[in-house]
Amino acid sequence: MDVIVGGGVVGLSLAWRLAREGRPVTLVDPAPASGASHAAAGMLAPVSEVTYTEVPLLRLGVASLRRWPAFAAELAADAGLAGAEALDLRSEGTLDVAFAADDLAALDELAAYLERLELPVRRLTGRECRRLEPMLAPSVRGGLLAAGDSWVDPRRVTAALLAALDRRGVQLVRARVGELLRDGGQVTGVRLEPPGGGGRRAELRAERVILAAGAWSAGLAEVPVRPVKGQIMRLRSPQPLLTRCVRGTVHGTPVYLVPRGDGELVVGATQEEMGFDTRVTAGGLYELLRDARELVPGVTELEVSEVVAGLRPGTPDNLPLIGPSGTPGLALATGHHRGGVLLAPLTADILLGEEGELAAMCSPGRFRDIS
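Along each chain, numbering runs from 1 in the same order as the chain's sequence is written. Given that the model is predicted, a residue must reach a pLDDT of at least 70 before its local features are reported, and side-chain atom pairs must reach 80 or more before they are shown or counted; all residues, however, enter totals for whole chains, interfaces and linings. Remark: hydrogens and water are excluded; side-chain values derive from all non-hydrogen atoms of the structure.

Asks: Break down the overall build of the protein chain for me, citing the residues and quoting the values.
Replies: Secondary structure assignment for the protein chain yields nine helices and 19 strands. Computed over its C-alpha atoms, the radius of gyration of the protein chain comes to 21 Å, within 12% of the 21 Å expected for a compact globule of 371 residues. Across its three principal directions, the C-alpha atoms of the protein chain cover 65 × 40 × 40 Å. Between buried and exposed lies partly exposed: a residue is buried under 20% and exposed over 50% of the maximum accessible area for its type, with that area taken using a 1.4 Å probe on protein chains only. A burial count over the protein chain gives 57% of its 371 residues as buried. By definition, residues are in contact when any of their heavy atoms lie within 4.5 Å. Sequence-distant contacts, at least 24 apart, represent 74% of the contacts inside the protein chain between residues at least 6 apart. Comment: elements are numbered from the N terminus, with helices defined as DSSP H or I runs of at least four residues and strands as E runs of at least two. Atoms considered for the radius of gyration are the C-alpha atoms alone. The globule rule reads 2.2 Å times the number of residues to the power 0.38.

Asks: How would you explain the side chain of Glu 272 if you had to name every residue and give the values?
Replies: Tracing the chain through its elements places Glu 272 in the loop between β16 (264–268) and α7 (282–295). When charges are counted, Lys and Arg contribute as positive and Asp and Glu as negative, whereas His and the chain ends are disregarded. Put simply, a salt bridge is a Lys or Arg side-chain nitrogen that is within 4 Å of an Asp or Glu carboxyl oxygen. Lys 229 is the oppositely charged side chain nearest to the buried, salt-bridge-free Glu 272, at an N-O distance of 4.1 Å.

Asks: Break down the pairing of strand β9 (residues 177–183) for me, citing the residues and quoting the values.
Replies: A pair of strands is considered paired only if DSSP assigns at least 2 bridges between the two. Note that β9 and strand β10 (residues 186–192) share six bridges and pair antiparallel. Within β10, the position partnered with Leu 180 by the bridge is Val 190. Taking the residues between adjacent antiparallel strands as the criterion, β9 and β10 are bridged by two residues, where Gly 184 takes a positive phi near 70°.

Asks: Talk me through the packing of aromatic side chains; I want residue IDs and the actual numbers.
Replies: Pairing of aromatic rings covers Phe, Tyr and the six-membered ring of Trp, with a centre-to-centre limit of 6.5 Å; geometry is then stacked below 30 degrees between planes, edge-to-face above 60, and tilted otherwise. A complete count under the given rule lists three aromatic pairs for this structure. Ring centres of Trp 68 and Phe 71 lie 4.9 Å apart, and the angle between their planes is 70°; on these two criteria the pair is classed as edge-to-face. Separated by three residues within a single helix, Trp 68 and Phe 71 lie in helix α3 (residues 55–79), roughly one turn from each other. Phe 71 carries the same exposure label as Trp 68, and that label is buried. Here the aromatic rings of Trp 216 and Phe 276 are separated by 5.6 Å at their centres, their planes lie at 40°, and the arrangement is tilted. With Trp 216 in the loop between β12 (208–211) and β13 (226–236) and Phe 276 in the loop between β16 and α7, this residue pair connects regions lying 60 residues apart in the sequence.

Written as structure tokens, this is what we have:
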């Protein structure tokens, strides 16, 4: 039996895919779907989020994005939903906009770089940008449309995964894992923390433990994963303000706006090296709203429906850790940083043994002393 530690979108997706393959699996998490996946905006945007030094991450993202339509359709069917549209999976693309001449020159360079990588992007004038999104600021001078980028509602996805697991009879243990069980040099299961901190600690034996505990993974194994705080605002309007994801760099900081089908607009996200601090701060929200207003002035008229902070699991090279850890009995599915929702389908394929070259790119073996 596999025991998965962690009930975010990655851990839930793994449990569901293993169950579909007929493999016995148990998932352990004290509060499934309540961490980084709950806070995430759900951008499936490998092209618009590319940087010059992260081509391997781009390749992983593009490969996983191709899997998302089938992944969503199968998940919706297993969860008893009407179709993939119930997950608010949308594919209208991402519009990256520029204000100053320097910003526009940087976008032009990025477009040339993406074209060399044979990725579909389209350069736009300011007028063309506003034709696509009339609520953009008049000061937008140009943009770059990544038409293949998509997005989804992570909360709907995790709710569907929980429903699908329930329909397939997967055991869900709502408890915290205190430590990994070991026999010699092999991981043989997990020991659970008792409710309330007292009493006997139960144990779950496993042929394989899959560590998918996100930012908390380093507390259970020696993995180079750290928490990266992100604050997000959710706004609401009776009329949709945007039809596609819009992003830009304002005051040297990236900001994005993600529209939902129900009228919600997600604005995010800060990137803060603050350890396990999940406080929502006035400064963080001020920066988000200030920068979003530069892109779309109308955001200041919207109702604030929620503010939330999550902890992304970052690694030194921003690539996830997926696959055998080097210790018998322990596999990893962690360190996805900003890409947990995007990379969930590919992560499941890798751990099901359906990938070769891509699996090597995110193999935990690139770091030493993982155990």
